[in-house]
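Next come the chains, spelled out residue by residue.
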Amino acid sequence: MTIVHAQFFHLIGVIFLFIGFGGLMAIGENRSVINKIVASFHGAGLLILLITGFMAQGVGKYGFPGWIITKLILWLAMVFLFVMVKKDKLNAKTAVIISAVVGIVVVYLCKFKPF
Ligand code: HEM
């Protein structure tokens, strides 16, 4: 296992997570079958991201710098965003926009590792 392998699987998680967020826009139309597919992509994406994130952290011997701790918090934020839409506490379009902003911050953190 090299860091490139871990990053490869990590990026599959990113694809799944954002397929899930994109699909959230359909939830307003109450299509329950789509909801299940969307929720599965979102959930699988987050699980893959967590497992492969720790794989990359281990292989890269990064320890726990600020950018990884912050990524863990933002990973949790991605969970809550979805749950809030499912519980009708947040509009789907707002959640999708917030997820894009959080996603950009996360990519900045792991590529530039500012702290
Ligand atoms: C919101 C969820 C997350 C997203 C969208 C995300 C996204 C990314 C992306 C796009 C990369 C760059 C991969 C590459 O350069 O090929 C990356 C790298 C990485 N991520 Fe995540 N990640 C997330 C959660 C996590 C979590 C929870 C951890 C916890 C350990 C983590 C640890 C890492 C590590 C260690 C790297 C490798 C950085 C490097 O070697 O340069 N990520 N992540």
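Refer to the structure above for everything that follows.
These figures come from a predicted structure and were not determined experimentally.

(A) Quick look at the overall build of the chain. For the chain, the helix and strand inventory stands at four helices and zero strands. Listed N to C, the secondary structure of the chain is α-α-α-α in terms of helices and strands. By the compact-globule yardstick of 13 Å for 115 residues, the chain fits well, its C-alpha radius of gyration being 15 Å. Each principal axis of the C-alpha distribution contributes one length, and for the chain these read about 45 × 25 × 15 Å. A total of 115 residues make up the chain; the buried ones form 19% of that total.

(B) Up close: the site of the ligand. As a matter of local geometry, the ligand sits amid 23 residues, with Q7, G53, A56, Q57 and C110 nearest to it. Of all the secondary-structure elements, those providing two or more residues to the shell around the ligand are α1 (3-23), α2 (32-59), α3 (66-86) and α4 (92-112). Among the residues forming the shell around the ligand, the class breakdown is 16 nonpolar, six polar and one charged.

(C) Spatial organisation of the nonpolar core. Within the largest apolar cluster, eleven residues are counted, these being L17, F21, L24, V38, L49, M78, L81, F82, V85, A92 and A95. Broken down by secondary-structure element, the contributors of at least two residues to this core are α1, α2, α3 and α4. Element by element, the count of residues in this core is highest for α3, at four residues.

(D) Fine view of unusual backbone geometry. Although it is not a glycine, D88 adopts a positive phi angle of roughly 65°. When the 9 C-beta atoms within 10 Å are taken as the criterion, D88 is described as exposed. The backbone of K113 shows a phi angle near 40°, a positive value even though the residue is not glycine. Mapped onto the secondary structure, K113 falls in the segment after α4.

(E) Summary view of the packing of α3 against α4. Contact geometry for α3 and α4: axes closest at 10 Å, N-to-C directions at 170°. Considered as vectors, α3 and α4 are oriented roughly antiparallel to each other. Contacts between α3 and α4 involve W67, T70, K71, L74, A77, M78, L81, M84 and V85 from the first element and A92, A95, I98, S99, V102, V105, V106, L109 and C110 from the second. The residue makeup of the contact of α3 with α4, split by class, is 15 nonpolar, two polar and one charged.

(F) Geometry of the environment of G43. Of note, G43 is situated in helix α2. Each C-alpha atom of the pair G43 and I3 lies 24 Å from the other, and the pair is 40 residues apart in sequence.

(G) Geometry of the environment of L50. Tracing the backbone through its elements, the reader meets L50 in helix α2. Sequence-wise, L50 and L72 are 22 residues apart; in three dimensions their C-alpha atoms are separated by 8.3 Å.

Rules of the game
Residues numbered from 1 in each chain as written. Predicted model: local features only at pLDDT ≥ 70, side-chain atom pairs only at ≥ 80, totals over all residues. Helix = DSSP H or I, 4+ residues; strand = E, 2+ residues; numbered from the N terminus. Rg over C-alpha atoms; globule rule 2.2 N^0.38 Å. Buried ≥ 20, exposed ≤ 12 C-beta atoms within 10 Å, placed from the backbone. Near = placed C-beta within 6 Å. Nonpolar A, V, L, I, M, F, W, Y, C, P; charged D, E, K, R; others polar. Core = buried A, V, L, I, M, F, W, Y, C linked by C-beta atoms within 7 Å. Axes fitted to C-alpha atoms, helices over the stretch in contact; angles between N-to-C directions. Parallel < 35°, antiparallel > 145°, perpendicular 65-115°, else oblique. Contact = placed C-beta atoms within 7 Å.

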